[in-house]
Every structure is written in structure tokens, then in C-alpha cells.
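# Residue-level structural notes
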Amino acid sequence: MTGRAEMWEVDVPIQDPDGLRTGVHVFTGLASDRYAAIAAARSVVDEALEHLHSGREIPVPPSPRIDWAARGLRPGWELRWEGAKAHQITL
């Protein structure tokens, strides 16, 4: 770990409630390493679900190009975190 923030992409497999459709939800943002990137993605999902369950919209980050967000989250779809893959993005 360098301690320096780099741009990361986290790809999380998803599955619909009926188990018939699958896909990948992609998160991007700044993190110091792959573990921090996955933790950041999980954190924004938790925040998004909290907002949805209380009837509020999913928050939009101050800087959508670099800050983690969970826009486009599919309520009811299961995120398979055990299959999450983090990749550093080279700009």
C-alpha cells in the first residue's frame, strides 16, 4: 500500500431476486489500495440502502468523477461481495 489515493474500479457480481438474471455493478473512486476500494464501495452501498429504506434518494457525491457513489443501484438485487474484483484505473 502506498498510502496515496489512486483511482479504482470495483466490479461486484449481482443477481436479481428470482436468480434468473445476473450482471455486474461497477463502482469507481479514490482509494489507497484494493482493500480500501472494496470497503469504500461497500460503504456507499450501505449508505444508499439506508437512504432508500427511509424513502430518500441515493446521495450524489460532491465530485462524481472521483468520489464513490451507488447511483443505479438495483434494490432487491443481491450484491455478491465475495466475487468483487478491484482494479486500479490508469488515467
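The paragraphs below set out a description of the structure included in this document. (Residues numbered from 1 in each chain as written. Predicted model: local features only at pLDDT ≥ 70, side-chain atom pairs only at ≥ 80, totals over all residues. Heavy atoms only, no water.)

### Overview of the nonpolar core
Within soluble globular proteins, side chains that are nonpolar generally end up buried alongside one another. Ranked by internal contacts, the top residues of the largest apolar core, which has 21 residues, are Val10, Val12, Phe27, Ala37, Trp68, Leu79 and Trp81. For this core, the elements supplying multiple residues, two or more each, are β1 (6-15), β2 (22-31) and α1 (34-53). For this core, the leading source of residues is α1, giving six residues. Setting aside residues no more than four positions away along its own chain, Trp81 makes contact with Val12, Phe27, Ile38, Ala41, Arg42 and Val45. (Core = buried A, V, L, I, M, F, W, Y, C linked by side-chain atoms within 4.5 Å. Buried < 20%, exposed > 50% of the residue type's maximum accessible area, 1.4 Å probe, protein only. Helix = DSSP H or I, 4+ residues; strand = E, 2+ residues; numbered from the N terminus. Contact = heavy atoms within 4.5 Å.)

### A look at the environment of Arg4
Following the sequence through the fold, Arg4 ends up in the segment before β1. The exposed category is assigned to Arg4, whose relative accessible area is 54%. Separated by 28 residues in the primary sequence, Arg4 and Ser32 have C-alpha atoms spaced 5.4 Å apart. Within polar-contact distance, the side chain of Arg4 engages the side chain of Glu6 at 2.7 Å. (Polar contact = N/O pair within 3.5 Å; in protein donor to acceptor, adjacent residues only side chain to side chain.)

### Here's the deal with the packing of aromatic side chains
Applying the stated criterion across every chain, the model contains one aromatic pair. Where Phe27 meets Trp81, the ring centres are 6.1 Å apart and the plane angle is 25 degrees; that geometry is what we call stacked. Placement of Phe27 in strand β2 and of Trp81 in the loop between β3 (78-79) and β4 (85-88) is noted, with a sequence separation of 54 residues between them. In this pair, the class of Phe27 matches that of Trp81, namely buried. Between Arg74 and the ring centre of Trp77, over which it is positioned, the NZ or CZ distance is 4.6 Å. (Phe/Tyr/Trp six-rings, centres within 6.5 Å; stacked < 30°, edge-to-face > 60°. Lys NZ or Arg CZ within 6 Å of the ring centre and 35° of its normal.)

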